[in-house]
Amino acid sequence: MGWLSNKIKRDRLKRGDHIYSWRHYCLYAHHGIYVGKGKVIHFTRGAGHETGTGTVLDRIISSSCPPSPVGTQCQICGDQSRLDGVISSCIDCFLSGGNLYLFEYGVSRAFHLASARGGTCTLAESDPPEDVLYRAFYHLQNGFGGYDLFKNNCEDFAIYCKTGLLVVTVWFGGRSGQATAFHAAKSAVGSSPLTFLATRVTGLAVSGLAVGGLVSYGGYCVSRLASDVGFRHDVVKVPAERVVDLLHLCDPQAAVDSPTPSRIVIAEID
């Protein structure tokens, strides 16, 4: 792993790893939890509806599980393109022809700020693999609520499985690194004209543009850091058994003092 790429080889994967693969020329990434034996548990939405917005984004961003070409349907998974919610897929179907990347946990603030793309790392520490796998299998059986591009997406699911953390001040799940990067970029672009207008000397126009770009990029990076689940203070540890209820109650704080029910047995996926 390093500053420029989080690409990893399959033989280095461990059960409980949070992995992802870029889609559509790195426009966005799909995330999941590797559970061993070549299987990945991930949160998805049916083809053509992955954004869940009912807008043009539904046509631009295709499903996390695109349909297989005629005659090449996966012998393990079949056609999962119309499935919704938390599903289990073979790693080939999960990657959908893309490269394999490992999401990094417990990174430094400097590393996070230097990462140009959101949705690749977090300051938050990962829980032990057995806890990660328990949450992934639990939600495979019980769901993870409705998919929402900005509030409850595949990255939110994977980060929750790894950390058990939920944001308590923004609806239910908080915002993933990718969604935060989108909002931060939009804010940075919107602030650029003000920076350019502050450059009063015409002869310094080019320098002003350069400075404006740096200031905007700096604001983008800082906004991403401020929204990271490992940096912000409005996050709580929520038991997996309470998450499904909270999707309806919209009150994560209510789960903090609730007793945790007995654990289910984590089944091996054949």
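Residues numbered from 1 in each chain as written. Predicted model: local features only at pLDDT ≥ 70, side-chain atom pairs only at ≥ 80, totals over all residues. Heavy atoms only, no water.

A. Molecular detail of the sheet that holds strand 1 (residues 18-23). One open sheet holds the 5 strands; their spatial order is 4-3-2-1-5, and the pairing between them is antiparallel. Here the strands that pair on one side only, and so sit at the sheet edges, are strand 4 (85-90) and strand 5 (101-102). Relative to strand 4, strand 3 (residues 39-44) runs antiparallel, the two sharing 6 bridges. Bridging across to strand 4, Thr 44 finds its partner in Gly 85. Lying on the sheet, helix 4 (residues 129-142) is in contact with strand 2 (28-36), strand 3 and strand 4; it crosses strand 2 at an angle near 105°. (Pairing = 2+ DSSP bridges. Helix = DSSP H or I, 4+ residues; strand = E, 2+ residues; numbered from the N terminus. Contact = heavy atoms within 4.5 Å. Axes fitted to C-alpha atoms, helices over the stretch in contact; angles between N-to-C directions.)

B. Expanded view of unusual backbone geometry. Positioned with a positive phi, Lys 37 is a non-glycine residue whose angle comes to about 55°. As for its position among the elements, Lys 37 is in the loop between strand 2 and strand 3. Positioned with a positive phi, Ser 96 is a non-glycine residue whose angle comes to about 50°. Along the polypeptide, Ser 96 turns up in the loop between helix 2 (91-95) and strand 5. Note on Ser 96: relative accessible area 35%, which makes it partly exposed. (Buried < 20%, exposed > 50% of the residue type's maximum accessible area, 1.4 Å probe, protein only.)

C. Examining the packing of aromatic side chains more closely. Inspection of the entire model under this criterion finds 10 aromatic pairs. Taking 6.5 Å as the distance between ring centres and 80° as the angle between the ring planes, the aromatic pair formed by Tyr 20 and Phe 103 counts as edge-to-face. Here Tyr 20, found in strand 1, pairs with Phe 103, found in the loop between strand 5 and helix 3 (109-114); they are 83 residues apart in sequence, far enough to count as distant. Given a relative accessible area of 1%, Tyr 20 falls into the buried group. Relative to Tyr 147, the ring of Phe 43 lies with its centre 5.3 Å away and its plane at 45°, an arrangement referred to as tilted. In this pair, Phe 43 sits in strand 3 while Tyr 147 sits in the loop between helix 4 and helix 5 (154-163), placing the two residues 104 residues apart along the sequence. Here Phe 43 matches Tyr 147 in class, with each residue buried. Each member of the aromatic cluster is reached from another via a ring pair, and the members are Tyr 20, Trp 22, Tyr 101, Phe 103 and Tyr 105. Above the plane of the ring of Tyr 160 lies Arg 135, whose end atom (NZ or CZ) is 5.8 Å from the centre. One Lys or Arg, Lys 162, reaches over the ring of Tyr 105 and ends 5.2 Å from the middle of that ring. (Phe/Tyr/Trp six-rings, centres within 6.5 Å; stacked < 30°, edge-to-face > 60°. Lys NZ or Arg CZ within 6 Å of the ring centre and 35° of its normal.)

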